[in-house]
Amino acid sequence: MTLLGDTATASGKKPTEGEILSIRGGRPLSGTVEVKGAKNLVTKAMVAALLGEEPSILRDVPDISDVAVVRSLLEVHGVRVAEGPEPGSLSLDPRDVESAHMEEIDAHAGASRIPILFCGPLLHRLGQAFIPDLGGCRIGDRPIDFHLDALRKFGAIVEKLPSGIRLSAPRGLHGANIHLPYPSVGATEQVLLTAVRAAGTTELRNAAIEPEIMDLIGVLQKMGAIISYEPNRVIVIEGVERLRGYDHRAIFDRNEAASWACAALATGGEIFVGGAKQQDMLTFLNVVRKVGGDFDIREDGILFRRGAGDMQGTTVETDVHPGFMTDWQQPLIVAMTQATGRSIVHETVYENRFGFTQALVQMGADITVYPNGLQEGPRRVPRRSLEQAAVIQGPTPLRGADITVPDLRGGYSHVIAALAAEGESVVRNIGIIRRGYAGFLDKLTALGADFDVIG
Ligand code: UD1
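Just so it is clear, the model here is predicted, and its values are computed rather than measured.

Summarise unusual backbone geometry; cite the residues concerned and give the values.
Across the junction of Gly 84 and Pro 85, the peptide omega takes the value 15°, indicating a cis bond. As for its position among the elements, Pro 85 is in the loop between strand E4 (80–83) and strand E5 (90–93). The backbone of Asn 206 sits at a positive phi, close to 60°, despite the residue not being glycine. Mapping Asn 206 onto the fold places it in the loop between strand E10 (201–205) and helix H7 (211–222). One non-glycine residue, Asn 232, lies in positive phi territory at about 60°.

Laid out in structure tokens, this is it:
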């Protein structure tokens, strides 16, 4: 797999892997993009393969750098990872799992947050684990206290070192009763990946129930796990002694699908997102309709475009599933700058996810961020102490600027804003977008974007 595509751009030059784009905006993005397996499932399913005693096959794996990091971390632990049996799939053979050298693991420090999920599987396979200092997007503190508390309840000994976390389980891991303070996606996955082979039963309360988690439960069930999903965010896992391999096609990436949908709305284009499915995007689709966007749900994907009249401002509260996902708000805000009237986005999941709006303001958007949130209006989601709000007044024409992308979703939004803006933009630090968007430059090219890779 290569990391970035190599077809010609609208300007006739070939995009190569690069960090800086020069973008000439002001034209609608139109055409077709295909979304593959979800970053938020694929990386976890790869970790799950460690738990099996036989090889696994994962299909529809996107070509993104988070996958490359997890692949490499699996390989330093002796998992043999190969491409195939079909294009875009991986086979993962965990039969020779072994302890990795500290230096090899350390080489992955800061590259992704997924390594934290290696804890349970490595403890089961080797009785010990070392997890390098974590990376991922800088969107708030992103603590791992829920993860470590849960691991201790399973019987793990957790030692924090300056370079990472060392864990051991001299007496093995046992089932536990765990109540998460918040339905954290990562902590729920941590519990699932640890409980499936722990001795006895685990009851997890206040679990996250995102579609990617349900897909991970599907993967684990294929491997032989016994997991029941009960009402009110309760998941019960009956530990089993051994697990086999799986053959699984990953759920589509609903975050990428929503991103391209917002690109159509922001630029006034028409984008068919192949592979997108209605059921996992119901909440997003309602918001598209409320802002005056239009969509056509088809057998093999969803077509997004603006509706007949002007787009209208609306209010959105991010929340855990089935609420409006926090990863959807950044591209949506770019579209909201083109809607008439006031839009409000209450960010309730992370405490620092509006940093990207500064660049939009520099490009001419009228956005005010309230660092302690806004009290006004009836609320569906209970207020959290960490929440923030952004108020967007539109429509405002956007103009080209020189900007540096801060994180994955914010970075995507900057590129879309530059494509919607009049004039030329220079967008730096594009490499970050490779963490979550496969074939990003090829897709932009297919949609008629006019850009060059300049550095
Ligand atoms: C995952 C997704 C990310 C998405 C997020 C919320 C992946 C790779 N990433 O991130 O795209 O935006 O879910 O849907 O799947 N928290 C703690 N302590 C912890 C863990 C979390 O306080 O130990 C807090 C976080 O700071 C945050 C909230 O819980 O405020 C939600 O985080 P979480 O659901 O864990 O997000 P991730 O799994 O990191």
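Which residues make up the environment of Arg 383, and what values do they have?
Counting through the fold element by element, Arg 383 comes out in the loop between strand E19 (366–370) and strand E20 (388–394). Exposure remark for Arg 383: the relative accessible area of 37% places this residue in the partly exposed category. The spatial distance from the C-alpha of Arg 383 to the C-alpha of His 346 is 9.2 Å, given a sequence separation of 37 residues. A polar side-chain atom of Arg 383 sits 3.5 Å from the main-chain carbonyl oxygen of Leu 374.

Mind laying out the pattern of salt bridges, listing which residues take part and the relevant values?
In this structure the tally under the stated criterion is 31 salt bridges. Salt-bridge contacts for Arg 380 lead to Asp 319; the nearest nitrogen and oxygen are separated by 3.4 Å. Taken together, the residues Arg 380 in the loop between E19 and E20 and Asp 319 in the loop between strand E17 (315–317) and helix H10 (329–336) connect sequence positions 61 residues apart. Under the relative-accessibility criterion, Asp 319 is labelled buried at 17%. Of the charged contacts in the structure, one is a salt bridge between Asp 402 and Arg 428, with a shortest N-O distance of 2.9 Å. A residue pair is termed long-range when its members are at least 10 positions apart, and Asp 402 in strand E21 (residues 402–404) and Arg 428 in strand E22 (residues 424–428) qualify at 26 residues. What makes Asp 402 partly exposed here is its relative accessible area of 42%. Residue classification places Arg 428 among the partly exposed residues on the basis of a relative accessible area of 31%. Connected through salt bridges with shared partners, the residues Arg 59, Asp 60, Glu 86, Asp 247 and Arg 249 form a single ionic network.

Give me the lowdown on the site of the ligand, citing residues and values where you can.
Surveying the vicinity of the ligand reveals 23 residues, the closest of which are Asp 145, Ser 184, Val 185, Asp 327 and Val 349. Protein contact buries 91% of the 740 Å² of open area that the ligand shows by itself. Every element with two or more residues in the shell around the ligand is listed here: helix H1 (39–48), helix H5 (145–153) and helix H6 (185–195).

Give me the lowdown on the sheet that holds strand E23 (residues 450–453), citing residues and values where you can.
As summarised here, the arrangement of the 4 strands in space is E21-E22-E1-E23, forming an open sheet in which the pairing is mixed. Among the strands making up the open sheet, the edge pair consists of E21 and E23. This sheet shows a mean twist of 20° between the axes of neighbouring strands, independent of strand direction.

Mind laying out the nonpolar core, listing which residues take part and the relevant values?
One recurring pattern in soluble globular proteins: nonpolar side chains tend to sit buried together. Counting 146 residues, the largest nonpolar core has Leu 167, Leu 220, Trp 260, Phe 284 and Ile 333 as its most contacted members. It is helix H8 (residues 254–267) that contributes the most residues to this core, 9 residues altogether. Among the domains, domain 1 (21–35 + 252–453) and domain 2 (39–249) are the pair contributing at least three residues each to this core. Leaving out residues up to four positions away in the same chain, Leu 167 has contacts with Cys 119, Leu 123, Gly 127, Gln 128, Ala 129, Ile 131, Leu 151, Ala 156, Ile 157 and Val 158.

Thresholds, definitions, all that
- Residues numbered from 1 in each chain as written.
- Predicted model: local features only at pLDDT ≥ 70, side-chain atom pairs only at ≥ 80, totals over all residues.
- Heavy atoms only, no water.
- Helix = DSSP H or I, 4+ residues; strand = E, 2+ residues; numbered from the N terminus.
- Buried < 20%, exposed > 50% of the residue type's maximum accessible area, 1.4 Å probe, protein only.
- Polar contact = N/O pair within 3.5 Å; in protein donor to acceptor, adjacent residues only side chain to side chain.
- Salt bridge = Lys/Arg side-chain N within 4 Å of Asp/Glu carboxyl O.
- Near = heavy atom within 4 Å.
- Areas by Shrake-Rupley, 256 points an atom, 1.4 Å probe, with all protein chains shown as cover.
- Pairing = 2+ DSSP bridges.
- Axes fitted to C-alpha atoms, helices over the stretch in contact; angles between N-to-C directions.
- Core = buried A, V, L, I, M, F, W, Y, C linked by side-chain atoms within 4.5 Å.
- Domains from an automatic or database assignment.
- Contact = heavy atoms within 4.5 Å.

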